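# Structural description and commentary
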Amino acid sequence: MPLQTSTKEILFPIRTFHFSQAPYTFVRGRRILLDPYPRDINRKIRKQYHQTLNPIFKSQYNRAQSDFKKELKKHNDSIWQKRLESLNTTDNSLWRTQKFFKNKRSKIPPLNCATGTAVTDQQKANLLATNIKYNFIEIDRENDIYNQSDEIINSTVHNFLSTPPTTLIQPALPDEIIHYIKHVNAKKNPGKDLITNRMLKNFHVKLILILTILINKILKFNHFPDNWKEAIIFPINKPGKDKHLATSYRPISLLSTISKLTESIILHRLKNFINEHNLLNPNQYGFTNKLSTLHPLLRLTEHISEGFQKKKEKHGSGISGYPESLRPCLD
C-alpha cells in the first residue's frame, strides 16, 4: 500500500519532534503511524525504494530525512540556548565553557622512526611529508605487462595536449558562478590564500564579474594557475592507531576556494562533453549521475536469471565458474 503523509507528532522518551510529513498507512480503516522513531521511518522508506526503485519512495525518503535534520537542528539550538542562559560565575560553569571553546587542537606527540624520534615541529613535518610522499609513489610492478598500454596512453595524452582543441569551450557566466557560490559550505576552511567560502558568499557583483573573466581566461588559454594547485596539508590521526607512528596519520588537503570553484566549472563541462560523445563505458556506475551500486546488482541479477532460463552450461574459458551470460558484466 503506498505511503501517505500527514501532520503528526512523534514522541521520544526525552524530547518531542514534530514532522509535517510523517508517513502513515491505513490498516482496516485505521490510520497507523509506521514507526515512532524518525530514523526507523527513514530506513523503512529507503528500504522500499531499494526494493522497488520507485522515485516516489526516493522523494519521500529525502523529504523525511530533511525534516528530521531540521527538527534535530532546532532541538540542538534550543539546548544550547538553555545552556547559555544558565551560565553563571558562581558555579564556574561560565569558565568551564570558555575553557572548552579556547582549547586548541591536540598537538602531535613525538613520532618514532627508523633514524630516531622526531620531536620538533619541523622534524615531525619532514617525517610526515616523507611518509605521505612514499604512499603516493607508484610501486614498481614485477613482470610489467602494461608497458605497451602505458605507452599508448602517454602518446594519446601528449598528442591531445600538443594539438589545439577543435571544440570551443563554453564560457562561464556570472549566473553560473553565483549558482556554485550559493551551494558551497560556508564552514569549510580556506586554503593558502585564506579566502573563505563565507567571503565568496559576500562577494559584490563587480567581484563576481572579475572572477568570471578570470575563469574564462583559464578556459581560453588552457592554463590553471600553479598557486591554486598548492594545498595546506593537515595530518589527522586514524582511529585506533598509535599516535607515535607517522603511518598512523592521514592527510587532509585544504585547497583554495576559488580553485575548487573553477574545478567545479571545468568538471561540469567535462561531464557534458563526455555525455554528448558517449565516451563512458556502459558498465561505469561509480561517480555517474543518476546511477548507484544498485544498478550493477540489478544487472548482475538479470544476467543470472537469463543464464538460468537459457540453461547455459558453465565452462572454464574466460571466467571460470561463471555462466557465459555474466561475462559482459564482469569484464
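Residues numbered from 1 in each chain as written. Predicted model: local features only at pLDDT ≥ 70, side-chain atom pairs only at ≥ 80, totals over all residues. Heavy atoms only, no water.

## Considering the overall build of the protein
- Looking only at helices and strands, one finds 11 helices and seven strands in the protein.
- Taken over 331 residues, the protein has a buried fraction of 21%.
- The long-range fraction of contacts in the protein, counting pairs at least 24 apart against all pairs at least 6 apart in sequence, stands at 47%. (Helix = DSSP H or I, 4+ residues; strand = E, 2+ residues; numbered from the N terminus. Buried < 20%, exposed > 50% of the residue type's maximum accessible area, 1.4 Å probe, protein only. Contact = heavy atoms within 4.5 Å.)

## Some thoughts on the environment of Gly-286
- For Gly-286, the location among the structural elements is in the loop between helix H9 (257–276) and helix H10 (294–310).
- Of the residues examined, Gly-286 reaches a relative accessible area of 34% and is grouped as partly exposed.

## Focus on the side chain of Arg-269
- Inspection of the secondary structure puts Arg-269 in helix H9.
- In this structure, Arg-269 is in contact with Ile-169, Gln-170, Pro-171, Ala-172, Glu-176 and Leu-219, ignoring residues within four places of it in sequence.

## Focus: the packing of helix H8 (residues 205–221) against H9
- Contact pair H8 / H9: the axes reach a minimum separation of 11 Å and the direction vectors enclose 55°. By the angle class used here, H8 and H9 are oblique. The crossing of H8 and H9 is right-handed. Touching Leu-211, Ile-215, Ile-218 and Leu-219 of H8 are Ile-258, Leu-261, Thr-262, Ile-265, Ile-266 and Arg-269, all from H9. (Axes fitted to C-alpha atoms, helices over the stretch in contact; angles between N-to-C directions. Parallel < 35°, antiparallel > 145°, perpendicular 65-115°, else oblique. Left-handed = near helix turned anticlockwise from the far one by under 90°.)

## Digging into the packing of aromatic side chains
- Applying the stated criterion across every chain yields a total of one aromatic pair.
- A ring pair is formed by Phe-224 and Trp-228, whose centres lie 5.7 Å apart and whose planes are at 75°; its orientation type is edge-to-face.
- Accessibility expressed as a relative area gives 12% for Trp-228, which makes it buried. (Phe/Tyr/Trp six-rings, centres within 6.5 Å; stacked < 30°, edge-to-face > 60°.)

## Details of the nonpolar core
- Of all hydrophobic cores here, the largest spans 15 residues; its most connected members are Ile-177, Ile-181, Leu-211, Ile-215, Leu-261 and Ile-265.
- For this core, the elements supplying multiple residues, two or more each, are helix H6 (174–182), H8 and H9.
- The element contributing the most residues to this core is H8, with five residues.
- With sequence-adjacent residues up to four places away left out, Ile-177 is seen in contact with Ala-172, Ile-208, Leu-211, Thr-212, Ile-215, Leu-261 and Ile-265.
- In terms of nonpolar packing, the next biggest core, distinct from the first, is built from seven residues, Leu-111, Ala-118, Leu-127 and Ala-246 among them. (Core = buried A, V, L, I, M, F, W, Y, C linked by side-chain atoms within 4.5 Å.)

## Here's the deal with the packing of H6 against H9
- Put simply, H6 and H9 touch, their axes get as near as 10 Å, and they point 115° apart. Relative to H9, the crossing made by H6 is right-handed. Mapping the contact onto sequence places Glu-176, Ile-177, Tyr-180 and Ile-181 in H6 and Leu-261, Ser-264, Ile-265, His-268 and Arg-269 in H9.

## A short note on helix H2 (residues 55–85)
- Here H2 contains 31 residues, and its C-alpha end-to-end distance of 45 Å stays within 8% of the 45 Å for a straight helix at 1.5 Å per residue.
- The N-cap of H2, judged by a side-chain oxygen 3.0 Å from the amide nitrogen of Ile-56 a few residues on, is Asn-54. (Expected span 1.5 Å × (residues − 1). Polar contact = N/O pair within 3.5 Å; in protein donor to acceptor, adjacent residues only side chain to side chain.)

## Notes on a nonpolar patch on the surface
- Nonpolar side chains collect at one region of the surface, where Trp-80, Leu-84, Phe-100 and Phe-101 lie side by side and expose about 460 Å² of accessible area between them.
- Examined against the element boundaries, Trp-80 turns out to sit in helix H2.
- Trp-80 sits in the partly exposed class, given a relative accessible area of 36%. (Patch = residues over 30% accessible without salt bridge, like charges linked within 9 Å, V, L, I, M, F, W, Y side chains within 5 Å. Areas by Shrake-Rupley, 256 points an atom, 1.4 Å probe, with all protein chains shown as cover. Salt bridge = Lys/Arg side-chain N within 4 Å of Asp/Glu carboxyl O.)

## Details of the pattern of salt bridges
- All chains considered together, the criterion is met by four salt bridges.
- Across the pair Glu-176 and Arg-269 runs a salt bridge, and its minimum N-O distance is 2.9 Å. In this pair, Glu-176 sits in helix H6 while Arg-269 sits in helix H9, placing the two residues 93 residues apart along the sequence. The burial state of Glu-176 is the same as that of Arg-269; both residues are buried.

## Some details on the confidence of the model for the protein
- On average, residues of the protein carry a pLDDT of 77, and 77% of them reach 70 or more.
- When the criterion is pLDDT under 50, residues 1–36 qualifies, and its contacts beyond four places in sequence or with other chains add up to 78 contacts.
- Low pLDDT (under 50) marks residues 315–323, which in the prediction has 13 contacts with non-local residues, meaning those over four places away or in another chain. (pLDDT = per-residue confidence, 0-100.)

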